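Listed below are the residues making up each chain.
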Amino acid sequence: NAGVTQTPKFQVLKTGQSMTLQCAQDMNHNSMYWYRQDPGMGLRLIYYSASEGTTDKGEVPNGYNVSRLNKREFSLRLESAAPSQTSVYFCASRSQGVSEGFGPGTRLTVT
Amino acid sequence: KNQVEQSPQSLIILEGKNCTLQCNYTVSPFSNLRWYKQDTGRGPVSLTIMTFSENTKSNGRYTATLDADTKQSSLHITASQLSDSASYICVVRGGMDSSYKLIFGSGTRLLVRP
């Protein structure tokens, strides 16, 4: 039981490049989330998916898109990366009555 | 504005000593409060979760308290170990909209020295 897995662990992009961050969970959770964590700040919600087939914007959605591919997988796409998107990205999942499980994070640098 | 403030920002203690971390929040309506431990380079891991009616909850050497009237919580670590070195994040679930919303504090970075 791997919990929440994320790929890649590290990534360096040039401004304007695109990439997709992958997230998968094997806990049969309904809800999945993408957060970013910046120094000196709390985690901020980018997008979430309350259930398979639905996605909604969080606090800081600009510059990102998501896809809930199936119950297990929730991907985050940066279409045109900007230096302001340099951050650590965490995927999380949960179900009713259960605390979130977080992935190990993806450290992204945009130059 | 819904906010979660933690203090201190960072703390250094000697192995074996106790410490207390503080969390104040202005989130309304309030659903629950969680404490997470985040090791360097890892994702947060849940330590405790408390609802409005709970005052204290323990998880091994970690004891969290909640005063919903004053909107304050604390996390007490007893007999600290080197492995307790991490960031501790206070998180409140709440907010006015119907979406599932967690509001994160910026964390207290704890360093336990031998």
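Not measured: the values here are computed from a predicted model.

1. Considering the nonpolar core
Residues Val4, Tyr25, Leu33, Trp35, Leu75 and Tyr88 of chain B are the most contacted members of the largest nonpolar core, which totals 25 residues. Elements represented by at least two residues in this core include exactly β3 (19-25), β4 (30-38), β5 (45-51), β7 (62-67), β8 (72-77), β9 (86-94) and β11 (108-113) of chain B.

2. A closer look at the sheet that holds strand β3 (residues 19-25) of chain A
All names here are of chain A. Judged by pairing direction, the sheet is antiparallel, and its four strands sit side by side in the order β1-β3-β8-β7 without closing on themselves. Of all strands in the sheet, those bounded by a partner on one side alone are β1 (4-7) and β7 (64-68). Pairs of neighbouring strands in the sheet enclose a mean axial angle of 20 degrees, with direction left out of account. Across five bridges, β7 lies against strand β8 (residues 74-78) in antiparallel orientation. Its bridge partner lying in β8, Arg68 is registered against Phe74.

3. Observations concerning the state of the cysteines
Each disulfide is one covalent bond, formed between the sulfur atoms of two cysteines. Residue and element names in this part refer to chain A. The full count for this structure, using the stated rule, is two disulfides over all chains. Here Cys23 is linked by a disulfide to Cys91, with a sulfur-sulfur distance of 1.9 Å. Because the torsion about its S-S bond is -70 degrees, the bridge between Cys23 and Cys91 counts as left-handed. You can see Cys23 sitting in strand β3 and its partner Cys91 sitting in strand β9 (residues 87-94), a full 68 residues away along the chain.

4. Describing the pairing of β11 of chain B
Residue and element names in this part refer to chain B. Here β11 shows a clear split, with Thr108, Leu110 and Val112 buried on one side and none of Arg109, Leu111 and Arg113 buried on the other. In the sheet, strand β2 (residues 10-14) pairs with β11 via five bridges, with the strands oriented parallel. When the sheet's bridge partners are listed, Ile13 is paired in β11 with Val112. Relative to β11, β9 runs antiparallel, the two sharing three bridges. What sits directly across from Ala86, in β11, is Leu110.

5. Section: the pattern of salt bridges
Residues and elements named next belong to chain A. Across all of its chains, the model carries eight salt bridges over all chains by this definition. The salt bridge involving Asp38 is made with Arg44; its shortest N-O contact spans 2.7 Å. Residue class for Arg44 comes out buried when judged on its relative accessible area of 19%. Salt bridges sharing partners connect three or more residues here, namely Arg36, Asp38 and Arg44.

6. Re the side chain of Glu100 of chain A
Tracing the backbone through its elements, the reader meets Glu100 of chain A in the loop between β9 and β10 (101-102). On the basis of relative accessibility, which here comes to 5%, the residue Glu100 of chain A falls in the buried class. For Glu100 of chain A, the side chain forms a polar contact with the side chain of Arg34 of chain B, separated by 2.5 Å. A polar contact of 2.8 Å, which involves the side chain of Glu100 of chain A, links it to the side chain of Tyr36 of chain B.

7. Points about the side chain of Thr48 of chain B
Considering the arrangement of structural elements, one finds Thr48 of chain B in strand β5. When sequence neighbours within four positions are dropped, the list of residues in contact with Thr48 of chain B reads Leu33, Arg34, Trp35, Lys57, Asn59 and Ala64 of chain B.

8. Some thoughts on the pairing of strand β11 (residues 106-110) of chain A
Residues and elements named next belong to chain A. In β11, alternate side chains face the same way, and those of Thr106, Leu108 and Val110 are buried while those of Arg107 and Thr109 on the opposite face are not. Relative to β11, strand β2 (residues 10-13) runs parallel, the two sharing four bridges. Each residue of the ladder has a partner; that of Gln11, found in β11, is Leu108.

9. Concerning the sheet that holds β8 of chain B
Residue and element names in this part refer to chain B. The strand order β1-β3-β8-β7-β6 describes an open sheet built from five strands, whose pairing is antiparallel. In this open sheet, the two strands that pair with only one neighbour each are β1 (4-7) and β6 (56-59). Averaged over neighbouring strand pairs, the angle between their axes works out to 15 degrees when direction is ignored. Pairing of β7 with β8 involves six bridges; the strand directions are antiparallel. Across the sheet, Thr63 pairs through a bridge with His76, a residue of β8.

Rules and cut-offs
Residues numbered from 1 in each chain as written. Chains lettered and ligands numbered in written order. Predicted model: local features only at pLDDT ≥ 70, side-chain atom pairs only at ≥ 80, totals over all residues. Heavy atoms only, no water. Core = buried A, V, L, I, M, F, W, Y, C linked by side-chain atoms within 4.5 Å. Buried < 20%, exposed > 50% of the residue type's maximum accessible area, 1.4 Å probe, protein only. Helix = DSSP H or I, 4+ residues; strand = E, 2+ residues; numbered from the N terminus. Pairing = 2+ DSSP bridges. Axes fitted to C-alpha atoms, helices over the stretch in contact; angles between N-to-C directions. Disulfide = S-S within 2.5 Å. Salt bridge = Lys/Arg side-chain N within 4 Å of Asp/Glu carboxyl O. Polar contact = N/O pair within 3.5 Å; in protein donor to acceptor, adjacent residues only side chain to side chain. Contact = heavy atoms within 4.5 Å.

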